[in-house]
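A structural walkthrough
Letter by letter, the chains look like this.
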Amino acid sequence: MVERGRYRPVVWVLFVVATLAAVVVCLSLGSVRVPLPDAAREVGRFLTGRPAFDKTVWSIVVTVRFPRVLVAGLMGASLSVSGCAMQGLLKNPLADGTTLGISSGAGLGAVIAIAFGIQIPALPFAGTTIMAAAFSFLSLLVILTLAYQIDRSLSSNTIILLGIIFSMFIASLSSIIITFAGEKAGTILFWTMGSLASTTFANAALLFFSLLVFGGILLSMRRELNAFAIGEENALHVGVDVKRTKLLVLISVSALTGICVSVGGTIGFVGLVTPHMVRYLVGPNHLRLMPAVLFGGAIFLMLSDLAARTLFSPRELPIGVVTSLIGAVIFVNIIVAAMRKVK
Amino acid sequence: MSGMLDISGVTVRYGDLVLVDDVRFSVEEGEWLMICGPNGAGKSTLVSAIAQSAPYTGEVLFEGEPLRQMRPRQIARRIGVLAQSNVALYAFTVGEVVRLGRYAHRAGFFGGRGGRRGDPEPGGPGYDDEAVVREAIERTGLVPCERQSILTLSGGELQRTFLAQVFAQDPRVLILDEPTNHLDLPHQKQTFELISEWLRQPGKAVVSVTHDLNLVKAYGSRVLLMNRAHIVAGGAPDEALSPENLQSVYGMDVHAWMQKLLSHWS
């Protein structure tokens, strides 16, 4: 098969093994080191509905680390698959889930929630999450309405320009609020840099369902994304319903990004850099690239989170800082390697 | 009018500007219709409208059915387009780009193969995607670079890749917008020969915008001469490209210019 030029089935086995290995390592390492077999045993008991074997190990591994590792993995997968879809759709290697400005909108929701102490009566800790999710949805509505007003064909340039303008506008609103936020400014700043501390199984479940629905939609559009990545005009000529594809991809990416931001704050670089890393391994064909990116993103964010909580333990780094640091270095390496390859 | 493709009263506006004004003509099976005229005459806009990628008023009928009401996949099974140039960004292989031509023949939203293997009847219910792709790659001589990244191709090879894609798409009408504009002479010749060979299959037609009047005369079965959004002459190449018509459209003695150019070769 020609299409499998750079593809080997063993790559998939490696992706699965690497993902599972990352999960186990992340469960085992931390401020308290738990031996791998002990961590695996407690998680095994948890998954099969049995009680704890060792209560201390259980509370570290199952209660604290497992939801956090799950959230990191699911969030990494969501952000990366979003970034990959946007890079294909817009035929732009610098695009990701934040290009449309949705994450800035979600960020503003969170900033308002923290600054004004907004809480939801039934869910006392979820005020920030719910405000962020609501604002990401509002942002999508605003951006799509504006885009349709300006350019009914939703051209790539319109989308990118609107995203930039919208993000800047929202950033200035956030800055105004932060200026007057007083002692809450620190909390806001930490949140905007992203953190997966105190994430719960409920967060993981929310991410899982959003990935199932919206990630599923994106994965079902792999052929269309291939056509867009070759060229939008070409996509139209080979029979792709260009408008419908754009709308579905933009809505799905916005939903995924909005939910991720609402759970873990703004985590940069994941959606941008993972697709490039994975494209380097499996090639640009979205039929392979999109599923591979799910694994790649999960591994990248789980390991980044591990670094965030262990490098300067007991002090924890904001995960967004870690992803940007690691991402930038890897990104430069990929670009250099890719350029050498072309030459 | 009842050709394979009927264009009736097609008008394209851009704001107050009329780019194509009430154009009507039809295209018959087996015909290579050449559209010529000076820059800004509206040729490219007209073919974009026929390919349903530019908004227009009027009607474009394919075998009596309005293309406007068809879904993108249905249109792509009837009309194929080879654009002037394509810019590659990601390292797709030649094979992957060609295979995308089968998109419109694949089933439904969730993809899946368009047909079973080994059915000998092209276009029939068991239409074999892979065989069509293979044939398109072989026909265009791309077998040696099938696994090559499109980022490493020359302009000519890239254009041939997209020609193979449109062959794999297997449309009834092939629309070309100055397909050999930036190609050297051997590639120009090769492209025109490949298209002319493709046209020999039953039930096909070609509509192309071509600047080079030599190519128009050599390959065209009929010519439409456009100027300022209108068709000013139409018919067999010799008839439509008469010295008077060319003089009025291009504002110069084209015949004398061609003779002068040719005299340098003697």
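The text that follows walks through the structure, step by step, so that each part is easy to find. (Residues numbered from 1 in each chain as written. Chains lettered and ligands numbered in written order. Predicted model: local features only at pLDDT ≥ 70, side-chain atom pairs only at ≥ 80, totals over all residues. Heavy atoms only, no water.)

Quick look at the overall build of chain A now. The secondary structure content of chain A amounts to 14 helices and 0 strands. In summary, chain A has a C-alpha radius of gyration of 20 Å against a globular reference of 20 Å for 343 residues, a match within 12%. Viewed in the frame of its principal axes, chain A has a C-alpha envelope of about 60 × 55 × 35 Å. The 343 residues of chain A split such that 52% are buried. Sequence separation of 24 or more characterises 75% of the internal contacts of chain A that already satisfy a separation of 6 or more. Of the roughly 15000 Å² that chain A leaves accessible, carbon and sulfur atoms contribute 72%. (Helix = DSSP H or I, 4+ residues; strand = E, 2+ residues; numbered from the N terminus. Rg over C-alpha atoms; globule rule 2.2 N^0.38 Å. Buried < 20%, exposed > 50% of the residue type's maximum accessible area, 1.4 Å probe, protein only. Contact = heavy atoms within 4.5 Å. Areas by Shrake-Rupley, 256 points an atom, 1.4 Å probe, with all protein chains shown as cover.)

All right, on to the overall build of chain B then. Looking only at helices and strands, one finds 10 helices and 10 strands in chain B. Here the C-alpha atoms of chain B give a radius of gyration of 19 Å, agreeing with the 18 Å that 2.2 N^0.38 yields for 266 residues. Considering chain B as a whole, with its 266 residues, one finds that 55% of them fall into the buried category. Residue pairs in contact within chain B that sit at least 24 positions apart in sequence constitute 67% of those at least 6 positions apart. With the model as given, the accessible surface of chain B reaches about 12100 Å², and the carbon-plus-sulfur share is 52%. Of the side chains in chain B, 26 bear a positive and 31 a negative charge, and the two mean positions are spaced by 5 Å. (Lys, Arg positive; Asp, Glu negative; His and termini not counted. Charge placed at Lys NZ, Arg CZ, Asp CG, Glu CD.)

With that out of the way, let us pick up the interface of chain B and chain A. Many authors give the size of an interface as the accessible area that is lost as the parts come together. In this assembly, 33 residues from chain B lie in contact with 33 residues from chain A. In total, chain B and chain A occlude about 3000 Å² of area from one another, counting both sides; carbon and sulfur atoms represent 62% of this. One can count 1 salt bridge joining chain B with chain A. The salt bridge partner of Glu-96 of chain B is Arg-288 of chain A, with a shortest N-O separation of 3.3 Å. Mapped by element, the contributors of at least two residues to the side of chain B that touches chain A are helix 2 (72-78), strand 6 (79-82), helix 3 (94-99) and helix 5 (155-169) of chain B. Its residues assigned to classes, the side of chain B that touches chain A comprises 18 nonpolar, 7 polar and 8 charged. (Buried area = accessible area lost by both parts, 1.4 Å probe. Salt bridge = Lys/Arg side-chain N within 4 Å of Asp/Glu carboxyl O. Nonpolar A, V, L, I, M, F, W, Y, C, P; charged D, E, K, R; others polar.)

As a further point, take the packing of helix 4 (residues 102-115) of chain A against helix 7 (residues 185-192) of chain A. All names here are of chain A. Put simply, helix 4 and helix 7 touch, their axes get as near as 10 Å, and they point 155 degrees apart. By the angle between their axes, helix 4 is roughly antiparallel relative to helix 7. The way helix 4 lies across helix 7 gives a crossing that is right-handed. Touching Gly-107, Ala-110, Val-111, Ile-114 and Ala-115 of helix 4 are Thr-187, Ile-188, Trp-191 and Thr-192, all from helix 7. (Axes fitted to C-alpha atoms, helices over the stretch in contact; angles between N-to-C directions. Parallel < 35°, antiparallel > 145°, perpendicular 65-115°, else oblique. Left-handed = near helix turned anticlockwise from the far one by under 90°.)

As a further point, take the packing of aromatic side chains. Considering all chains together, one arrives at 12 aromatic pairs over all chains under this definition. With 5.7 Å between their ring centres and 45 degrees between their planes, Trp-32 of chain B and Tyr-219 of chain B make a pair best called tilted. With Trp-32 of chain B in strand 3 (residues 32-36) and Tyr-219 of chain B in helix 7 (residues 213-219), this pair connects stretches of sequence that are 187 residues apart. Aromatic ring contacts, followed pair by pair, group Phe-46, Trp-58, Phe-66 and Phe-201 of chain A into a single cluster. (Phe/Tyr/Trp six-rings, centres within 6.5 Å; stacked < 30°, edge-to-face > 60°.)

To continue, consider the packing of helix 8 (residues 201-220) of chain A against helix 11 (residues 242-264) of chain A. All names here are of chain A. Put simply, helix 8 and helix 11 touch, their axes get as near as 9 Å, and they point 165 degrees apart. Looking at the two axes, helix 8 sits roughly antiparallel to helix 11. For the pair helix 8 and helix 11, the sense of crossing is left-handed. For the pair formed by helix 8 and helix 11, the contact residues are Asn-203, Leu-206, Leu-207, Ser-210, Leu-211, Phe-214, Gly-215, Ile-217 and Leu-218 on the first element and Leu-248, Val-249, Ser-252, Val-253, Ala-255, Leu-256, Ile-259, Cys-260 and Val-263 on the second.

Let us now look at the sheet that holds strand 4 (residues 57-62) of chain B. Residues and elements named next belong to chain B. Pairing is antiparallel in the open sheet, where 4 strands are placed in the order 2-1-4-5. Taken across any chain shown, the strands that pair with only one partner, and hence form the sheet edges, are strand 2 (17-27) and strand 5 (65-66). The pairing of strand 4 with strand 5 spans 2 bridges and is classified as antiparallel. Bridging from a neighbouring strand, Leu-61 pairs with Pro-66 of strand 5. (Pairing = 2+ DSSP bridges.)

Honestly, that's just the spatial picture; any functional story needs more than this.
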